[in-house]
Each structure stands twice: as C-alpha cells, then as structure tokens.
Amino acid sequence: MRIDVLTLFPEVMTPFFTSSIVGRAQTAGVVEIRCTNIRDFAKGVHQKVDDRPFGGGPGMVMMCGPLFDAVEAVEASDSRPATRILLTPQGERFTQSLAHELAGQSRLLVICGHYEGFDERIRLGLKPREISIGDYVLSGGEVAGMVVVDAVVRLLPGALGDEASPLEESFSDGLLEYPQYTRPREFRGLQVPEVLLSGNHAQIEQWRQAEAIRRTQERRPDLMKPEDSGPAR
Ligand code: 9D3
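None of the values given here were measured: they were computed from a predicted structure.

Criteria and thresholds
- Residues numbered from 1 in each chain as written.
- Predicted model: local features only at pLDDT ≥ 70, side-chain atom pairs only at ≥ 80, totals over all residues.
- Heavy atoms only, no water.
- Buried < 20%, exposed > 50% of the residue type's maximum accessible area, 1.4 Å probe, protein only.
- Helix = DSSP H or I, 4+ residues; strand = E, 2+ residues; numbered from the N terminus.
- Contact = heavy atoms within 4.5 Å.
- Core = buried A, V, L, I, M, F, W, Y, C linked by side-chain atoms within 4.5 Å.
- Axes fitted to C-alpha atoms, helices over the stretch in contact; angles between N-to-C directions.
- Parallel < 35°, antiparallel > 145°, perpendicular 65-115°, else oblique.
- Left-handed = near helix turned anticlockwise from the far one by under 90°.
- Nonpolar A, V, L, I, M, F, W, Y, C, P; charged D, E, K, R; others polar.
- Near = heavy atom within 4 Å.
- Polar contact = N/O pair within 3.5 Å; in protein donor to acceptor, adjacent residues only side chain to side chain.
- Areas by Shrake-Rupley, 256 points an atom, 1.4 Å probe, with all protein chains shown as cover.

Asker: I tried to follow helix α4 (residues 96-103) on my own but got confused; where do I start?
Answerer: Residue pairs three or four apart in sequence face the same way in an α-helix, which turns once every 3.6 residues. Of all 8 residues that make up α4, 6 are buried, and the element is covered over most of its length. Among the residues making up α4, those that are buried are S97, L98, A99, H100, L102 and A103. Where the residues of α4 are buried, they touch β5 (83-93), β6 (107-112), β8 (129-132) and α6 (142-153).

Asker: What should I look at first to understand the nonpolar core in this one?
Answerer: Looking at soluble globular proteins, one finds that nonpolar side chains tend to be buried together. Counting residues in hydrophobic clusters, the biggest one holds 32 residues, and the most contacted among them are I3, I33, F94, L102 and V110. Breaking this core down by element, the ones donating at least two residues are β1 (2-7), α1 (10-17), α2 (20-27), β5, α4, β6 and α6. The greatest single-element share of this core, amounting to 7 residues, is contributed by α6. Discounting chain neighbours no more than four positions away, the residues touching I3 are V31, E32, I33, R34, L108, V110, V149 and V153. Within the second largest apolar cluster, 17 residues are counted, among which are V49, C64, L67 and I122.

Asker: What am I meant to see in unusual backbone geometry here?
Answerer: Working note: non-glycine residues mostly have negative phi, and peptide bonds are mostly trans. The omega torsion across R183 and P184 is 5 degrees, close enough to zero to call that bond cis. Within the element layout of this structure, P184 appears in the loop between α6 and β9 (186-187). Positive phi is not limited to glycine here, since S20 has a value of about 60 degrees. Here S20 lies in helix α2. Exposure remark for S20: the relative accessible area of 63% places this residue in the exposed category. Phi angles above zero are rare outside glycine, and R188 is one such case at about 45 degrees. Following the sequence through the fold, R188 ends up in the loop between β9 and β10 (190-191).

Asker: Explanation requested: the packing of α4 against α6 in the structure shown.
Answerer: Two packed helices can be described by the angle between their axes and the distance between those axes. Relative orientation of the contacting elements α4 and α6 amounts to 70 degrees, with a least axis distance of 8 Å. Compared by their axis directions, α4 and α6 come out roughly perpendicular. Along this stretch, α4 crosses α6, giving a crossing that reads as right-handed. When α4 is examined against α6, the residues A99, L102 and A103 are found in contact with a partner set consisting of V148, A151 and V152. Considered class by class, the residues forming the contact of α4 with α6 number 6 nonpolar, no polar and no charged.

Asker: I'm lost on the site of the ligand in this one. Help?
Answerer: Neighbouring the ligand are 16 residues; E116, I133, G134, Y136 and L138 lie closest to it. Here a nitrogen atom of the ligand sits 2.8 Å away from a polar atom, N or O, in the main chain of Y136. One of the backbone nitrogen or oxygen atoms of L138 is found 2.9 Å away from an oxygen atom of the ligand. The fraction of the free accessible surface of the ligand (580 Å²) that becomes covered by protein chains is 75%.

Asker: When you look at the side chain of T7 in this model, what are you seeing that I'm missing?
Answerer: With respect to the secondary-structure elements, T7 resides in strand β1. Under the relative-accessibility criterion, T7 is labelled buried at 0%. A polar side-chain atom of T7 sits 2.8 Å from the main-chain amide nitrogen of F9. Those residues in contact with T7 that sit more than four places away from it in its chain are M13, T36, N37, I38, C112 and E142.

The following block contains the structure:
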C-alpha cells in the first residue's frame, strides 16, 4: 500500500510514521508513507494557505488553491488511483470496520487540516471521504491522521511480523481483553489467579473467555452488539 499524507506539520507526523509498528512496516516494504507539506504549494512570499471566512466569523479557513495543487501533484506521482480522506470533526466516525475497509485499498491520500475549517469547495471538488476519530475537539487533523494510518497499517499483511494476527485482538472478536499477569506470582499481596498457573490450557482458555465477556458486559455493553468490529459484514 502507498499512503500520502498532506499536512502543514510534516515534522510532527514523520517521526511517528518512522517509529514502532508503522516504521517497521515501511522498512519491511508493506507500506510506503510520504508526507507532503501543503505550504510547499502556496503562492507568494507569504506562502498563505488560509484566509478569513467570507461573511465574517472566528478563525481561519483553509484555501482551495494550495490544497488542490498539492493533491494533484501528489496523485500524479503514482499511477494508482487514491482513496481521498479528509480528517474533519464532521466526518463519518472512524471504526475498526472502516480501518479494515481502508486497508483493502492500494493507495490512500490523507488530508489533515489545522484551521476552523476547509473552504467548502474542497469538499465539492475533491469529493473526499470525511472521517472523524471521535466526539472531542482536537487542535487539528494531524493526530487524527496518525490514528487512521496506525489502525490501517497494522492490518496490512506482514505489518505485525511474527506477532499475533490482528484478528486475534480485542475489538476483532468484539470483546475487551481478558486480565493478564506476568511474574512475580505475588506482588504487594496480590496473587496471580490459580487457574493461570495450573497448566490446564483448556481451563485457562475457558477462564479467559469468561473474563473477557464479563469485563465487556460491565464496561462496554455497546460492544456486545458488534457492528463496529472486524471486517464489514
Ligand atoms: C467551532 C466548531 N469546531 C468544530 C467542532 C471547530 C473546529 C474544532 C477543531 C474545527 C476544527 C478542529 C480541528 N479538528 C480536526 O481537524 C479533526 C478532529 C477533531 O477535532 N476531533 C475528532 N476527529 C477529528 S478529525 C479532524
């Protein structure tokens, strides 16, 4: 997969994309991620990418010109058509199911803004898929862009190396994680549950399943009707 990210803060995003699982996926050739600074496509000595809203009001609005030029230049650098994504608070909610859907594409173009909003003609002209990562206010789309890229990349075949398949993970079977323990057997008077020391793998599996269900029912009953988990069905 190829992922292009358009942002005003490539220096914030690039270190994330070169670290951890996403960085290793790039090294392994599973994905190629390129950050492009939208400001590189701004005109004039001031390199303006935003302006005041027609009709008045607070904040600045991202201009069409630099962003359209950036999208067209970046898309022309590779023949595969890109699925365009615009990170906005008004977007469709990002879920594991949407992550699976995006992981099935060969190319993504992720647009991150850092203003009160985008000129509406960006939506009308680029027809991007708009995505929000949740109901809280961020300072810009960069963190949301990193969230989307992270969740998508770890689903790509080979991204997790020798680790467990992403299908085994929480949210993919629709349940929260069961309680886990490591050494020592006793810590400040708290004991590791006897069953985990028993060596009886069938019984351990049964205990973990029961604990996962109990925990999910208590903390996230909404997950027990699992429309937000796993590949879309
Ligand atoms: C005045 C109304 N605000 C919208 C709720 C303005 C506004 C707030 C924050 C406009 C842009 C932003 C910056 N946020 C994002 O770019 C963003 C975001 C978010 O804030 N929350 C969850 N998902 C996302 S995706 C992009």
